[in-house]
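Fold and contact review
Each chain, written out:
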Amino acid sequence: MDEKEQFGERQAARRSFLECLGATVAAGAAAVATGAVLPKETQAAASAAPAPAIPGYDWDKHQWAFGVDATKCIGCLRCVEACKVENDVAPDAHHFRTWVERYVQLEGEEKAQIDSQADPVNIEASGSEGKYRFANRYKDEKVDKAFFVPKLCNHCTHPACVQVCPTGATFKTEDGVVVIDHTYCIGCQYCVQACPYGARFFNEKLKVTDKCTWCYHRITKGLLPACVEVCPVGARVFGDRNDRQSAISQFIKNNRVEVLRPETGNAPNVFYVGIDKEVS
Amino acid sequence: MEPLFAAAPYTGYVYPNETVFPWGVLIVVYPYLTGLVAGAFTVSSLYQVFGLKQLRPVAHLALVTSLCCMIFVPSPLLLHLGHPERAFNAVFTPHWSSAMAMFGYFAGFYIILLVIETWFVFRPYMVQQAQARKDLLGRLYHVACLGSHDLSEKAMRFDQKCIFALAIIGIPGAHGLHGYVGFIFGSLKSREWWSSDLMPVIFLFSAIISGVALLIVLYVLSCALRRVAVDIPCLKGMGYTLWGFVMVTLLLEGVEFGAMMYKGREGIDMIVLFVTSRLVIPFFVLQFTIGAVMPILILSYMFWRGTTGRALVLGILISALLVMFNVIMMRFNVVIGGQEISKTGKGLLTFPWEIFGREGVLAATGVLIAPFILLLVVIRLLPPWEDTIHHEEKALA
């Protein structure tokens, strides 16, 4: 099938360790996609879709979730870099599957100063849009408090992006991941508008929308998402909520977690610890 | 080589992905065109269904205008899509929870309805032309009659019944098509500027005023070009219609804006900053004052003073042009303005204008002009003028 081959080619080109299994994963992903584009309600789409044909993987047995411990993040931005490389994301300052925000509360100021690695000052400091670092721009200021917040797609339980997709090209898998079938997306960008978190963007190369998939090609093989894998301080946590001993289950159990913009009703599945009132 | 995307400058904090605007000027043109369709059809229906006989001189022009605009409604969308060749995915495998998936059905249904109604309305003319002409065009009319050459009183009564029925079905059709465009924006909870239950209604009323205004402009222009006198009762009727609907539209927009400000939900600080800085010229000056208040004042003054003749024609024409400008500014302020306010509620973006390219201003202008070029051709083949078609109808009867 053409879809499978195309998808397989993209997968295989990413990393050498994916080469032998890329086609299999791609076949599975394409099968999921083909099943889920049938006209069904958001929820029904996932339950009725055929399971991906990934050896040794049963999507009914997993319920993936993500945790962010903002108190641990040091803003090194390795996660951003790893994501760009792993998922072939355009190396510019306008397309990110994940990014990191910096909140700096200066003494005497009411609101925090916020920037991300995409801020022109930070790009100037790194020397290129394809390199990521936070400039030491507050070194002469009196800082009351400061912290970093990694952001990514929230893989919501009721995703507004899936609701508005006119073709069903973007859908929620049975194991809780919101993905996009790049071979079926028409590129209308209604989902980009609908996402309240700014997690979606237009892939200029493929002419379709794009976003974080929690590295679906990795997690279905028992690997961690690239950003979690490279985080040197364990600020990013990933796992299966069906497994009570998994890192994410423990993270949610042992912390008072919160989600971003709960008022939207989207019910995000990225759980945060250590964020402040201004983070949304 | 043209860059793949234009990044928007911003102030404050915006999400990194927001610096590329998902929707540009083509998506401003799209609701404008559907609005003209719905508005022009309203004028046609006011005559066909609601019996506003004074609108008779423009009733058929309204119908063909609606048809010509409708034919080009999908074009801004197709130009915008990343994969236009997959556009039918949304029709063949629609995702029912998506408002946008309904477009193909609404548009398809409505184009068919307009074509059938136009056929019924112009059937007597086509029959007459098919009989009178012996050239290629005559043969074309002959084929277009689809073998239905009966112009007896019974047949004409049947035609009238069909036209009436189609016009009645067309009212919810046209307004549904446009109300749904408003729903596409109003139903999104990600943007405070769009997220309003009133959005579909506002879109609907602004559609009606843009259609009525367009008909006024086309009618006056056609009279000038054809060197016939403007039918004053007809024009005045449209003037009154315009005046009434502009008042309602203004009221609705005011209520929506007031409610948003009064509720003052999260992110309102940025909206207030946006409204009081960037939006002063396009919203308060261009859309509100010049586009809505001025035509209301002009029309009110003329109706109050009982102005007639050339002054009335000129006054209504200017008001109509201003209202058309009002509606395109409204579409711009909604579509582009909504995206200029960051989803973070902590920053503002500046729309990066693109002149050339698939989604540039030139392409959008082309899409906006194309229906009227088609209209020029259509009115030559199917003249919608009262002195031709009605005269012939009468003669044949």
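Thresholds applied
- Residues numbered from 1 in each chain as written.
- Chains lettered and ligands numbered in written order.
- Predicted model: local features only at pLDDT ≥ 70, side-chain atom pairs only at ≥ 80, totals over all residues.
- Helix = DSSP H or I, 4+ residues; strand = E, 2+ residues; numbered from the N terminus.
- Rg over C-alpha atoms; globule rule 2.2 N^0.38 Å.
- Buried ≥ 20, exposed ≤ 12 C-beta atoms within 10 Å, placed from the backbone.
- Contact = placed C-beta atoms within 7 Å.
- Domains from an automatic or database assignment.
- Axes fitted to C-alpha atoms, helices over the stretch in contact; angles between N-to-C directions.
- Parallel < 35°, antiparallel > 145°, perpendicular 65-115°, else oblique.
- Left-handed = near helix turned anticlockwise from the far one by under 90°.
- Nonpolar A, V, L, I, M, F, W, Y, C, P; charged D, E, K, R; others polar.
- Pairing = 2+ DSSP bridges.

**A closer look at the overall build of chain B**
- The helix and strand inventory of chain B stands at 14 helices and two strands.
- At 22 Å, chain B has a C-alpha radius of gyration in line with the 21 Å of a compact globule built from 397 residues.
- Projecting the C-alpha coordinates of chain B onto the three principal axes gives extents of approximately 70 × 55 × 40 Å.
- Evaluated residue by residue, chain B yields a buried proportion of 45% over its 397 residues.
- Considering only contacts in chain B between residues 6 or more positions apart, those separated by 24 or more positions represent 80%.

**So, the domain arrangement of chain B**
- Under the domain assignment, chain B is made up of domain 1 (36–187 + 355–397) and domain 2 (230–351).
- Domain 1 of chain B puts six residues into the contact, and the matching count from domain 2 of chain B is six residues.

**Re the packing of helix H1 (residues 26–48) of chain B against helix H8 (residues 199–226) of chain B**
Residue and element names in this part refer to chain B.
- Put simply, H1 and H8 touch, their axes get as near as 6 Å, and they point 70° apart. Relative to H8, the element H1 lies roughly perpendicular. Two packed elements cross with a definite hand, and for H1 against H8 that hand is right-handed. Where H1 abuts H8, its residues Pro31, Tyr32, Thr34, Gly35, Leu36, Ala38, Gly39, Ala40, Thr42 and Val43 lie against Phe203, Ser206, Ala207, Ile208, Ile209, Ser210, Gly211, Val212, Leu214 and Leu215.
- Residues that form the contact of H1 with H8 fall into these classes: 13 nonpolar, seven polar and no charged.

**Structural notes on the sheet that holds strand S2 (residues 98–106) of chain A**
Residue and element names in this part refer to chain A.
- Taken together, three strands build an open sheet; the order of strands is S3-S2-S4 and the sheet is antiparallel. Strands with a single pairing partner mark the edges of an open sheet, and in this sheet they are strand S3 (113–116) and strand S4 (143–152). Adjacent strand axes in the sheet meet at a mean angle of 20° when their direction is disregarded.
- Bridge count for S2 against S3 is four bridges, and the pairing is antiparallel. If you follow Val104 over to S3, its bridge partner there is Gln113.
- Packed on one face of the sheet, helix H4 (residues 78–86) meets S2 and S4 and runs near 160° to S2.

**Let's talk about the environment of A:Ala125**
All names here are of chain A.
- Relative to the helices and strands, Ala125 is located in helix H5 (residues 120–126).
- A C-alpha to C-alpha distance of 36 Å links Ala125 and Thr264, two positions 139 residues apart in sequence.
- Setting aside residues up to four positions removed in sequence, Ala125 forms contacts with Arg133 and Ala135.

**Let's talk about the packing of helix H7 (residues 153–186) of chain B against H8(B)**
Residue and element names in this part refer to chain B.
- Between H7 and H8, whose axes approach to 7 Å, the crossing angle comes to 135°. Taken together, the axis directions place H7 and H8 in an arrangement best described as oblique. Pair H7 / H8 crosses with right-handed handedness. Together, His175, His178, Gly179, Val181, Gly182, Phe183, Phe185 and Gly186 of H7 and Met199, Pro200, Ile202, Phe203, Leu204 and Ala207 of H8 make up the contact between the two elements.
- Within the contact of H7 with H8, the residues separate by chemical class into nine nonpolar, five polar and no charged.

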